[in-house]
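Descriptive structure summary
Letter by letter, the chains look like this.
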Amino acid sequence: MAIVLIRQDSKIAAWKDALLSANPQIKVYSYLEEHPKEEITMALIWKHPKGSLALYPNLKCIASAGAGVDYIFEDPTVPEHIPITRLVDPYLASDMSEHVLAVIFAELKNFNTYKIQQTKALWKTKEYRRIADVTVGIMGLGALGALTGKDLVKAGFSVQGWSRSEKAIDGITTFAGDSGLQEFLKKTDFLVCLLPLTPDTSGILNSSLFKELPKGAYVINVARGGHVVDNDLLEQLDNNHLSGACLDVYHQEPLPSSHAFWKHPKIFMTPHYASVSDTNSVIPQILENYKNLDKRNALINVVNREKGY
Ligand code: NDP
Ligand code: OXD
């Protein structure tokens, strides 16, 4: 048995080193080097080239090196019988929460506006808002959304959450399913998207949803670019229904320089870096699953293929 690392960025060597320093006995290969395909039982992947997973006849687990797995379902050649696992990690959740809180605080204090004014040496005050004045609504109350919500509650915000199934989380007013969405949106001043990208959630951040938010609402998308209908977001910003948006994720990454988001004064952009898998923190759960494969035990953090997350 052996692990193959498949990713198209420059991080293969770092992941290989981290796996081998956690357990020097295991065999780990980069998909770019010569390697015995029949020995591979686990593929540890991130945005793999489509088709690359079909090369391993004895593959027993497809492990996503991130929390999201939408990119795996986009590859029609991924064998259907092989379990998919994903990362559930305390740093992935707390880094995300810190990112979302930072964005909300910066917006309450108008930092984006002042940064723009600074480039013009413009001295002009803008009324700020207080924590007590706003309600934050989180779409998706999973590993990341639930912690972000709890941290916002601790900071004193009114917090609402929306998920597929009913939830009870201390301090958070929760809504579920299609029937709960409108009520959830009605009072949401800051909308945070932390949904997985699935056929049900693709394009969910569109004009008809934005129109249900109060005038002046602010949108934070830290989930996937596919959740947003880009032209609808631009329209609702330009007609002043939305006051602004902070985006970390895009339909195409890196976002082409010609895209309207780059120069939009109401859009604040970060390069898909809200929260990043920390190799040292996540390797134990990957090795635990590698051991589980060997012992034929149940895997942890398994993705529900029917739900798509
Ligand atoms: P989870 O699977 O733990 O949580 C997903 C949540 O979304 C659940 O509460 C689920 O509801 C809810 N949900 C799913 N489908 C629907 C639907 N149709 N309607 C309403 N609610 C729905 O995911 P994580 O919290 O771990 O991660 C969320 C996403 O964040 C990832 O999929 C990834 O795309 C993104 N991400 C982005 C990062 C970045 O740096 N920008 C970093 C890491 C992740 P229920 O609980 O009822 O199942
Ligand atoms: C993830 C991500 O899904 O980084 O982990 O986007």
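Refer to the preceding data block for the structure.
I will try to describe carefully the structure that is included in this document. Computed from a predicted structure; not experimentally measured.

Another point: the nonpolar core. Across soluble globular proteins, nonpolar side chains have a tendency to be buried as a group. In terms of nonpolar packing, the biggest core is built from 67 residues, with L19, L44, I62, I104, I220 and I286 touching the most fellow members. Once residues lying within four places of it in the same chain are set aside, the contact partners of I62 are A43, I45, L53, I72, V78, I82, P83, I84 and T85. Grouped together as the second largest cluster of nonpolar side chains are 29 residues, L181, L213, L242 and A245 included.

This brings us to the site of ligand 1. Near ligand 1 you find 28 residues, and of these R86, S165, K167, D248 and Y309 are the closest. In the environment of ligand 1, an oxygen atom lies 3.2 Å from a nitrogen or oxygen atom belonging to the side chain of R224. In the environment of ligand 1, an oxygen atom lies 2.6 Å from a nitrogen or oxygen atom belonging to the side chain of Y309. Protein coverage of the free-state accessible area of ligand 1, which is 940 Å², stands at 92%. Every element with two or more residues in the shell around ligand 1 is listed here: α5 (143–154) and β7 (158–163). Its residues assigned to classes, the shell around ligand 1 shows 14 nonpolar, eight polar and six charged.

Here we take up the layout of surface pockets. Roughly 290 Å³ of internal volume is contained in the second largest pocket. E107, N110, T113, K126 and S243 are, among the 15 residues lining the second largest pocket, the residues nearest its centre. If you list the elements that add at least two residues to the lining of the second largest pocket, you get α3 (90–108), α4 (111–119) and β11 (242–247). The element that contributes the greatest number of residues to the lining of the second largest pocket is α4, accounting for three residues.

Moving on to the pairing of strand β1 (residues 2–7). Counting buried residues along β1, six of its six residues qualify, which places the element largely inside the surrounding structure. A two-sided burial pattern is seen for β1, the buried positions comprising A2, V4 and I6 on one face and I3, L5 and R7 on the other. Bridge count between β1 and strand β3 (residues 40–46): six bridges; the pairing is parallel. Its bridge partner lying in β3, A2 is registered against I40. As judged from the three bridges shared by β1 and strand β2 (residues 28–30), these two strands associate in the parallel manner. Residue pairing for β2: I3 is matched across the bridge by V28. Between the parallel elements β1 and β2, the chain passes through helix α1 (residues 12–22) in a crossover that is right-handed.

The strand order across the open sheet formed by five strands is β2-β1-β3-β4-β5, and the pairing between neighbours is parallel. Each edge of the open sheet is held by one strand with a lone partner, namely β2 and β5 (84–85). Bridge count for β3 against strand β4 (residues 61–64) is four bridges, and the pairing is parallel. What sits directly across from M42, in β4, is C61. In the packing of helix α9 (residues 279–295) onto the sheet, contacts are made with β1, β3, β4 and β5, and the angle to β3 comes to roughly 155 degrees.

All chains considered together, the criterion is met by eight salt bridges. Salt-bridge contacts for E33 lead to K16; the nearest nitrogen and oxygen are separated by 2.9 Å. With E33 in the loop between β2 and β3 and K16 in helix α1, this pair connects stretches of sequence that are 17 residues apart. The partly exposed category is assigned to E33, whose relative accessible area is 32%. A salt bridge links K154 to D151; the nearest nitrogen and oxygen atoms lie 3.6 Å apart.

So, about empty space enclosed by the protein. Inspection of every chain in the model, using the stated rule, returns one cavity of 30 Å³ or more. As for the largest cavity, its lining consists of A63, S64, T85, R86, L87, Q285, I286, N289, I300 and N301.

For the rest of this paragraph, the subject is the site of ligand 2. Taken together, W46, G66, A67, G68, R224, H272 and S275 make up the full set of residues near ligand 2. Between ligand 2 and A67 there is a distance of 2.7 Å, counted from an oxygen atom to a backbone nitrogen or oxygen. A distance of 2.8 Å is found between an oxygen atom of ligand 2 and a side-chain nitrogen or oxygen belonging to R224. The fraction of the free accessible surface of ligand 2 (210 Å²) that becomes covered by protein chains is 85%. Residue classes in the shell around ligand 2 are distributed as two nonpolar, four polar and one charged.

This part is about the packing of α3 against α5. Two numbers describe how α3 lies on α5: the axes approach to 8 Å, and their chain directions differ by 50 degrees. As summarised for this structure, α3 and α5 are arranged oblique, according to the angle between their axes. Between α3 and α5 lies a crossing of right-handed hand. On α5, the residues that touch L92, A93, S94, M96, S97, V100, L101 and I104 of α3 are A143, L144, L147, T148, D151 and L152. Grouping the amino acids of the contact of α3 with α5 by side-chain chemistry returns 10 nonpolar, three polar and one charged.

The rules behind these values
Residues numbered from 1 in each chain as written. Chains lettered and ligands numbered in written order. Predicted model: local features only at pLDDT ≥ 70, side-chain atom pairs only at ≥ 80, totals over all residues. Heavy atoms only, no water. Core = buried A, V, L, I, M, F, W, Y, C linked by side-chain atoms within 4.5 Å. Buried < 20%, exposed > 50% of the residue type's maximum accessible area, 1.4 Å probe, protein only. Contact = heavy atoms within 4.5 Å. Near = heavy atom within 4 Å. Polar contact = N/O pair within 3.5 Å; in protein donor to acceptor, adjacent residues only side chain to side chain. Areas by Shrake-Rupley, 256 points an atom, 1.4 Å probe, with all protein chains shown as cover. Helix = DSSP H or I, 4+ residues; strand = E, 2+ residues; numbered from the N terminus. Nonpolar A, V, L, I, M, F, W, Y, C, P; charged D, E, K, R; others polar. 1 Å grid on protein atoms, 1.4 Å probe; cavity = no way out; pocket = protein on both sides within 12 Å on 5 of 7 lines; lining within 4 Å. Points joined across faces, edges and corners; volume = space filled by probe spheres on them. Pairing = 2+ DSSP bridges. Right-handed = clockwise from strand over helix to strand, strands pointing away. Axes fitted to C-alpha atoms, helices over the stretch in contact; angles between N-to-C directions. Salt bridge = Lys/Arg side-chain N within 4 Å of Asp/Glu carboxyl O. Parallel < 35°, antiparallel > 145°, perpendicular 65-115°, else oblique. Left-handed = near helix turned anticlockwise from the far one by under 90°.

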